[in-house]
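# Summary of structural features
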Amino acid sequence: MLFKFAVVLMLVLVIGSLFSGLFFLYRDKGAGDRVVRALTLRISLSLLLFVALLLSYRFGPYSQ
């Protein structure tokens, strides 16, 4: 149950980072580096979630 909560939380953080990148793109008109940082955070969170799901499938309760 805790892992499912962590997955949902990570998905919410990924979507929040995506929308913050969109907000910064609109607000800064492409001049700042906040968009790049927000989208880098989104990619990092997505990769971390993907690796966690792969490892949980291989070693966790979903491997049965």
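Source: prediction; values computed, not measured.

Parameters and conventions
Residues numbered from 1 in each chain as written. Predicted model: local features only at pLDDT ≥ 70, side-chain atom pairs only at ≥ 80, totals over all residues. Heavy atoms only, no water. Helix = DSSP H or I, 4+ residues; strand = E, 2+ residues; numbered from the N terminus. Rg over C-alpha atoms; globule rule 2.2 N^0.38 Å. Buried < 20%, exposed > 50% of the residue type's maximum accessible area, 1.4 Å probe, protein only. Phe/Tyr/Trp six-rings, centres within 6.5 Å; stacked < 30°, edge-to-face > 60°. Lys NZ or Arg CZ within 6 Å of the ring centre and 35° of its normal. Expected span 1.5 Å × (residues − 1). Contact = heavy atoms within 4.5 Å. Axes fitted to C-alpha atoms, helices over the stretch in contact; angles between N-to-C directions. Parallel < 35°, antiparallel > 145°, perpendicular 65-115°, else oblique. Left-handed = near helix turned anticlockwise from the far one by under 90°. Nonpolar A, V, L, I, M, F, W, Y, C, P; charged D, E, K, R; others polar.

Okay, the overall build of the protein chain next. The secondary structure content of the protein chain amounts to 2 helices and 0 strands. Since a compact globule built from 64 residues should have a radius of gyration of about 11 Å, the 15 Å found for the protein chain marks it as more spread out than a globular shape. A buried classification covers 19% of the 64 residues belonging to the protein chain.

Below, the discussion takes up the packing of aromatic side chains. In total, this model carries 1 aromatic pair according to the counting rule given. Here the aromatic rings of F23 and F24 are separated by 5.9 Å at their centres, their planes lie at 55°, and the arrangement is tilted. Against the face of Y26 rests K29, its NZ or CZ located 4.8 Å from the ring centre.

With that settled, the discussion passes to the environment of V36. Looking at the secondary structure, you find V36 in helix α2 (residues 34-59). Classification of V36 as exposed rests on a relative accessible area of 54%.

A few words now on α2. Its 26 residues give α2 an end-to-end C-alpha distance of 37 Å, which sits within 8% of 38 Å, the value for a rise of 1.5 Å per residue. The complete set of buried residues in α2 reads V35, A38, L45, L49 and S56. Where the residues of α2 are buried, they touch α1 (2-28).

Turning to the side chain of S17, a few remarks are in order. Tracing the chain through its elements places S17 in helix α1. Residues contacting S17, with those up to four places away along its chain left out, are A38, L41 and R42.

This paragraph deals with the packing of α1 against α2. A pair of packed helices can be characterised by two numbers: the angle between their axes and the separation between those axes. Closest axis-to-axis distance for the α1/α2 pair is 8 Å, and the angle between their directions is 160°. What the angle tells us is that α1 and α2 run roughly antiparallel. Along this stretch, α1 crosses α2, giving a crossing that reads as left-handed. Classifying every residue of the contact of α1 with α2 by side-chain character gives 18 nonpolar, 5 polar and 4 charged.

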